[in-house]
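# Survey of secondary and tertiary structure
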Amino acid sequence: MSNLNVTSDSSIPPVNKLSQAILPIVALTSFMGTFLVSSVNIALPAIGRDFQLSPVMLSWVITSFLLSTALFLFPVGMWADRTGVKKVYQAGLIIFTITTFLIPLSSSGSWLIGLRFVQGIGAAFMNTTGQALLVAAYPPQRRGRVLGISVSATYMGLAMGPFVGGYMTQYAGWTTIFWVSGVLGVAATIVAFRKLGKDVKEPLVTAPVFNLRVFTHNKMFAFSNIAALINYTATTTIVFYLSFYLQQVQGFLPRVAGLILVAQPLMMSLFSPLVGRLSDNVQPRYLATAGMAMCSAGLLAFSFLTETTTSGTVVALLIWEGIGFALFSSPNMNMIMSSVDKRNLAIASGTAASMRVVGQIVSLSIVSLLFYLFFGDKLMHEVTNLQFLKAMKWGFTIFAVLGVSGIYFSFNRHR
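Residues numbered from 1 in each chain as written. Predicted model: local features only at pLDDT ≥ 70, side-chain atom pairs only at ≥ 80, totals over all residues. Heavy atoms only, no water.

Below, the discussion takes up the confidence of the model for the protein. Overall, the prediction assigns the protein a mean pLDDT of 82, with 87% of residues at 70 or greater. Under a pLDDT of 50 for its full length, residues 1-11 has, in the predicted model, 44 contacts with residues more than four places off or in other chains. Here residues 205-209 is a poorly scored stretch, pLDDT under 50, and it has 13 contacts once near neighbours within four places are set aside; other chains count. (pLDDT = per-residue confidence, 0-100. Contact = heavy atoms within 4.5 Å.)

Before going further, it helps to examine the nonpolar core. With 96 residues, the main nonpolar core has Ile47, Tyr89, Tyr241, Leu242, Tyr245, Leu318 and Phe388 as its most contacted residues. Beyond its immediate chain neighbours, meaning those up to four positions away, Phe388 contacts Tyr241, Phe244, Tyr245, Val249, Phe371, Phe375, Met380 and Val383. By size, the runner-up hydrophobic cluster in this structure holds twelve residues, among which are Tyr155, Tyr232, Phe325 and Met355. (Core = buried A, V, L, I, M, F, W, Y, C linked by side-chain atoms within 4.5 Å. Buried < 20%, exposed > 50% of the residue type's maximum accessible area, 1.4 Å probe, protein only.)

With that settled, the discussion passes to the packing of helix H3 (residues 85-102) against helix H6 (residues 175-195). Contact geometry of H3 with H6 gives a least axis separation of 8 Å together with a crossing angle of 160°. With respect to H6, the axis of H3 lies roughly antiparallel. Helix-helix and strand crossings are classified by hand; for H3 and H6 the assignment is left-handed. Here Tyr89, Gln90, Leu93, Ile94, Thr97, Thr100 and Phe101 of H3 come into contact with H6, specifically with Phe178, Trp179, Ser181, Gly182, Val183, Gly185, Val186, Ala188, Thr189, Ala192 and Phe193. Looking at the contact of H3 with H6 residue by residue, the classes come out as eleven nonpolar, seven polar and no charged. (Axes fitted to C-alpha atoms, helices over the stretch in contact; angles between N-to-C directions. Helix = DSSP H or I, 4+ residues; strand = E, 2+ residues; numbered from the N terminus. Parallel < 35°, antiparallel > 145°, perpendicular 65-115°, else oblique. Left-handed = near helix turned anticlockwise from the far one by under 90°. Nonpolar A, V, L, I, M, F, W, Y, C, P; charged D, E, K, R; others polar.)

Right, let's get into helix H8 (residues 219-235). Here H8 is 17 residues long and its end C-alpha atoms lie 24 Å apart, about the 24 Å a rise of 1.5 Å per residue gives. Within H8, 14 of the 17 residues are buried, which leaves it mostly tucked inside the rest of the structure. (Expected span 1.5 Å × (residues − 1).)

Now for the side chain of Arg116. By the element assignment, Arg116 lies in helix H4 (residues 109-137). For the buried Arg116, no salt bridge exists, and the shortest N-O distance to an oppositely charged side chain is 14 Å, to Asp50. Not counting the four nearest positions on each side in its chain, Arg116 is found in contact with Leu36, Val40, Val61, Ile62, Ser64, Phe65, Ser68, Ile103 and Phe178. (Lys, Arg positive; Asp, Glu negative; His and termini not counted. Salt bridge = Lys/Arg side-chain N within 4 Å of Asp/Glu carboxyl O.)

As for its position among the elements, Ser243 is in helix H9 (residues 237-249). For Ser243, the side chain forms a polar contact with the main-chain oxygen of Asn41, separated by 2.9 Å. Looking at Ser243, its side chain comes within polar contact range of the side chain of Gln247, at 3.2 Å. (Polar contact = N/O pair within 3.5 Å; in protein donor to acceptor, adjacent residues only side chain to side chain.)

Before going further, it helps to spend a moment on the packing of aromatic side chains. One pass over the structure, following the stated rule, counts 20 aromatic pairs. Ring geometry for Phe223 against Tyr408: centres 6.2 Å apart, planes inclined by 50°, an arrangement best described as tilted. On the criterion of sequence distance, the pair formed by Phe223 in helix H8 and Tyr408 in helix H15 (residues 385-411) is long-range, its members being 185 residues apart. You can call Phe223 buried: its relative accessible area is 16%. Judged by centre distance (5.2 Å) and plane angle (80°), the ring pair of Tyr408 and Phe409 falls under edge-to-face. Look at Phe409 and you get partly exposed, because its relative accessible area is 21%. Put simply, the rings of Phe240, Tyr241, Phe244, Phe302, Phe371, Phe375, Phe388 and Phe396 touch in pairs and so form one group of aromatic residues. (Phe/Tyr/Trp six-rings, centres within 6.5 Å; stacked < 30°, edge-to-face > 60°.)

Written as structure tokens, this is what we have:
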């Protein structure tokens, strides 16, 4: 870990120049990662046509990335706490950027999926250490607003991804998404190596890769992570489902579908800094629980989409869902990172990231199972609208019920 001091004085200490540099660097990489993820979602129909992939194989374009990220988050968190957070963060940038340039050169769907797996390893390095860098650099009184800004950058990437990715896919092909993301990766890598400097060695932890005592003896940490797991499991496939729904069922062009999908992450981006700052002064569990309830209600509403549902209705539901997610995410991360001591920040960050990624994997696994049950081995363009709507209805209903269970953990984590 770095030698930046975190103090709990009643007066807020000044922020030094290194701390001021860390926030934009982490925000840039947060934007870069989610921009790529959300862009790929809107490009999935085009990728499926180019490589002749079934719906189940298409889901692996997303799942392979998430699977490798999940596998490496915990060991990377421990490694970072022992050898240096900055070093691991920089290594992740290099891995992520190189594979991003290689993916457009894929000769088959299998190569693309394999390279996405490697790309996910780089993402694991960055996800584990990014939040730890921020929390170590800023005092507790500023954590909520700083994490809110970081989350806002994440959601800005999610917001721009469908819109920009839709235009790129329609007019220049889906490979352009990776070329542009690779250029962003090069810029982020240069900035990180110039501004972050080197790690300062400190005694660190000798705990196992995953310390169960953090869960069994820290209720706020445990319940906050469980709530995050449930929330991400429930909400991950909204864009995945709607990308196909808007393009295949309703017949929108990629750029139009991307413009509609912007509504949800745009709300996340706008409200996350406000909610993050509010969580410094208001009990975060109240905000997070309200957000979880809004997300669950929105998921249930999505299950009633039909061929004749207006785009205005879809946008309204996405706005509702985006506000709900913003209410949940920043306060929940604030409680996770504030519930451990400084030596375990990278592990806590890695655990939180693991909850997100594992939730995404579980979510996509449920979708893959439903796709197999309803579509079999059909290619995506062979699936009828009625078949797709049935699979989507079942999916959103399952996720809405799951979201309701998360309200309990969100509210009862801390009194």
